[in-house]
Amino acid sequence: MAKHLTRRSFVKTAAVAGSAFAAAPAIGRAGTSANEKIGACIVGVNGRGNSHISAYLSDERTEIRAIVDVDEEVGNNRCEQIEKKQGLRPKFYTDMRKAFEDDSINIVSTATPNHWHALTGIWAMQAGKDAYVEKPVCHNVHEGTALIAAARKYNRMCQVGTQCRSSRAVKDAVAFIQAGGIGTCNFARGLCYKRRASIGALGDYPIPSNVNFDMWSGPAQFTDPRLTRQKFHYDWHWQRMYGNGDLGNQGPHQTDIARWGLGVDTHPNAILTYGGRLGYQAERKDPNYVDAGDTGNTEVSIYDYGEKCMVFETRGLNVDDSADDEINKLFASTKGNKIGVIFYGSDGYVVQLSYGHCVAYDKEFNVTKEFKGGEDHFGNFISACQSRKMEDLNADVREGHLSAAVSHLGNISYYMGESNKVSVEDLQSVLKGVKSLDDNLATLDRTVKHLEKNGVDLQKYPIALGAQLEFDPEKELFTNNSDANQYLTREYRAPYICPTADKV
Ligand SMILES: NC(=O)c1ccc[n+]([C@@H]2O[C@H](COP(=O)([O-])OP(=O)(O)OC[C@H]3O[C@@H](n4cnc5c(N)ncnc54)[C@H](O)[C@@H]3O)[C@@H](O)[C@H]2O)c1
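Source: prediction; values computed, not measured.

This paragraph deals with the overall build of the protein chain. On a plain count of helices and strands, the protein chain comes out with 15 helices and 18 strands. For 504 residues, the compact-globule formula gives about 23 Å, and the C-alpha radius of gyration of the protein chain, at 22 Å, lands near that figure. Along the three orthogonal principal directions, the C-alpha set of the protein chain runs to about 65 × 55 × 45 Å. Residues classed as buried in the protein chain amount to 60% of the 504 residues present.

Shown next as structure tokens:
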């Protein structure tokens, strides 16, 4: 494993950096005394950022002193809302760099779109702040490595928004698996069977006048005045320039739990995704309909970790009755969407059903144990900011990087092969030769039935077979496809350039 990914070397680097940056306004040093509140700055406050606001408002240790959003309307509304509850109105900024100059800010908590995550975290930590960064912690693999390097270099706490790491239910379920509760367990399946309707036709739409679109676009290409999706906020998730599809949206929660439960502490060696953005012509009853999204809405991603294996299934079409018998039994308590992780053991299964609920089954699908309860992920971040011990973080940035990378590597396989449309028979013959602990053909069969049930004509709109990629987890490079390496980073747009790990 690469030096920058080794846990021991992180701790060592952190210790060295601690002395080098003693002058930074860290909690417990120049920034706050024991009686003083921790000053919070929240960046990106439309949807998820509002949950960040609620968390810091309800934690007695914190005070929200700054809000940053490039949508002035959203930002000012949130300041209003915070003032009512907190008494103090936070300062409002549209440029995060200005907010990070403020010495009364100790922590930065960010819920911007994905293409901004790593750069926001890096700028915040360079300015001496601790950072809570939403999942996926980066938009591409190299950004994640750079974010880790920044956390270690500046001796900052960097927590990732994979809140299941603080769930009592998931912690107990993982401990149960690792203690042999379901026998030997080498295989996990993540499910994101989550209905996502079309985001509207690809077109030319106005950019809202209250948004600074240059800054919203940030490290991504600047397409002004062209917006190709109808809805400005949120739907960027399904445009790869900014988002990572549901494999990189819901996915990092489940790939993180799967990796954790399996005890996998590295990247996969081999990756294959097949799928497509399918079914919206049938949904809109228009054979020529082109949806504005360009990420896969139906994907099966297979990850080989040597002795362990993970499969992630993404489905965005109607997911009612779309599973097979086994999955239906394991998710018997849920209807419609099925979002979770199944661990397959020699003696039974453990299923993560939700944030605070996991269930163990024997081989006959009888419930043998239940795990329930949650904890405060934001509170855990604040506690670690106070203790200054990275080990106290439930979701240190390195975990976030490895889990986000699962999604990115899966998407790269898809992007590399998206024009390689194949028949189901061809897919079957390829999948027979792909190393996996899954029954590859059964998963394909289930996926095909799901698509057909949703009116997808697979002759006219065939599934794409992604590239079969081999990856060097230490070097973080593909070894059998040099073209794929371009997707591990992006072309940045000055001044929004995410530095490489050696330049943070
Ligand atoms: N942990 C979770 O369970 C969870 C849940 C939902 C969303 N999320 C994550 O939160 C993030 C935000 O999701 P959302 O649904 O709130 O998206 P959103 O589009 O609704 O909100 C993003 C906000 O960020 C603002 N923004 C964009 N660029 C900015 C910049 N440079 N500086 C300041 N503000 C900027 C936008 O104007 C908008 O107000 C996503 O990365 C998503 O993956 C996490």
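Each assigned domain of the protein chain is listed with its residue range as follows: domain 1 (3-163 + 378-396) and domain 2 (166-374 + 403-488). Using only C-alpha atoms to locate each centre, domain 1 and domain 2 end up separated by 28 Å. Listed per partner, the contact involves 30 residues of domain 1 and 37 residues of domain 2. Each partner contributes to the roughly 2,800 Å² buried at the junction of domain 1 and domain 2, and carbon and sulfur atoms together form 55% of this total. Looking at the side of domain 1 facing domain 2, the largest losses of area belong to V70, H115 and V141, adding up to 23% of the total buried there.

So, on to the sheet that holds strand β6 (residues 158-160). Spatially, six strands are ordered β3-β2-β1-β4-β5-β6 in an open sheet, and the strand pairing comes out parallel. Looking at strand neighbours, the two that pair on one side only are β3 (91-93) and β6, the edges of this open sheet. Across the sheet, the mean angle from the axis of one strand to that of its neighbour is 20 degrees, orientation sign disregarded. As paired strands, strand β5 (residues 130-133) and β6 are joined by three bridges and run parallel to one another. Bridge pairing in β6 links A131 to C158. The strands touched by helix α12 (residues 377-387) are β1 (38-43), β2 (62-68), β4 (107-110), β5 and β6; relative to β5, the strand with the most contacts, the crossing angle is about 160 degrees.

What follows deals with helix α13 (residues 397-417). Under the 1.5 Å per step criterion, the end-to-end length of α13 is 30 Å for 21 residues, consistent within 8% with the ideal 30 Å. Burial analysis of α13 places 20 of its 21 residues in the buried class, the great majority of the element.

Turning to the packing of aromatic side chains, a few remarks are in order. The final tally for this structure, using the stated rule, is 18 aromatic pairs. Ring plane angle 70 degrees and centroid distance 5.7 Å describe the contact between Y132 and F381, whose orientation is recorded as edge-to-face. Pair noted here: Y132 is in strand β5 and F381 is in helix α12, with a separation of 249 residues, a long-range link. Given a relative accessible area of 0%, Y132 falls into the buried group. Given a relative accessible area of 0%, F381 falls into the buried group. Judged by centre distance (6.0 Å) and plane angle (65 degrees), the rings of F213 and F232 are edge-to-face. Taken together, the residues F213 in helix α8 (residues 213-217) and F232 in the loop between α8 and α9 (251-262) connect sequence positions 19 residues apart.

The environment of the ligand is made up of 29 residues, and the closest members are N46, D69, N114, Q163 and W236. N46 places a side-chain nitrogen or oxygen 2.7 Å from an oxygen atom of the ligand. Separating a nitrogen atom of the ligand from a side-chain N or O atom of W116 is a distance of 3.2 Å. Here the ligand loses 93% of its free accessible area of 850 Å² to cover by the protein chains. Among the residues forming the shell around the ligand, the class breakdown is 12 nonpolar, 12 polar and five charged. Residues from two domains meet in the shell around the ligand; each of domain 1 (3-163 + 378-396) and domain 2 (166-374 + 403-488) gives at least three.

Reading guide: rules and limits
- Residues numbered from 1 in each chain as written.
- Predicted model: local features only at pLDDT ≥ 70, side-chain atom pairs only at ≥ 80, totals over all residues.
- Heavy atoms only, no water.
- Helix = DSSP H or I, 4+ residues; strand = E, 2+ residues; numbered from the N terminus.
- Rg over C-alpha atoms; globule rule 2.2 N^0.38 Å.
- Buried < 20%, exposed > 50% of the residue type's maximum accessible area, 1.4 Å probe, protein only.
- Domains from an automatic or database assignment.
- Contact = heavy atoms within 4.5 Å.
- Buried area = accessible area lost by both parts, 1.4 Å probe.
- Pairing = 2+ DSSP bridges.
- Axes fitted to C-alpha atoms, helices over the stretch in contact; angles between N-to-C directions.
- Expected span 1.5 Å × (residues − 1).
- Phe/Tyr/Trp six-rings, centres within 6.5 Å; stacked < 30°, edge-to-face > 60°.
- Near = heavy atom within 4 Å.
- Polar contact = N/O pair within 3.5 Å; in protein donor to acceptor, adjacent residues only side chain to side chain.
- Areas by Shrake-Rupley, 256 points an atom, 1.4 Å probe, with all protein chains shown as cover.
- Nonpolar A, V, L, I, M, F, W, Y, C, P; charged D, E, K, R; others polar.

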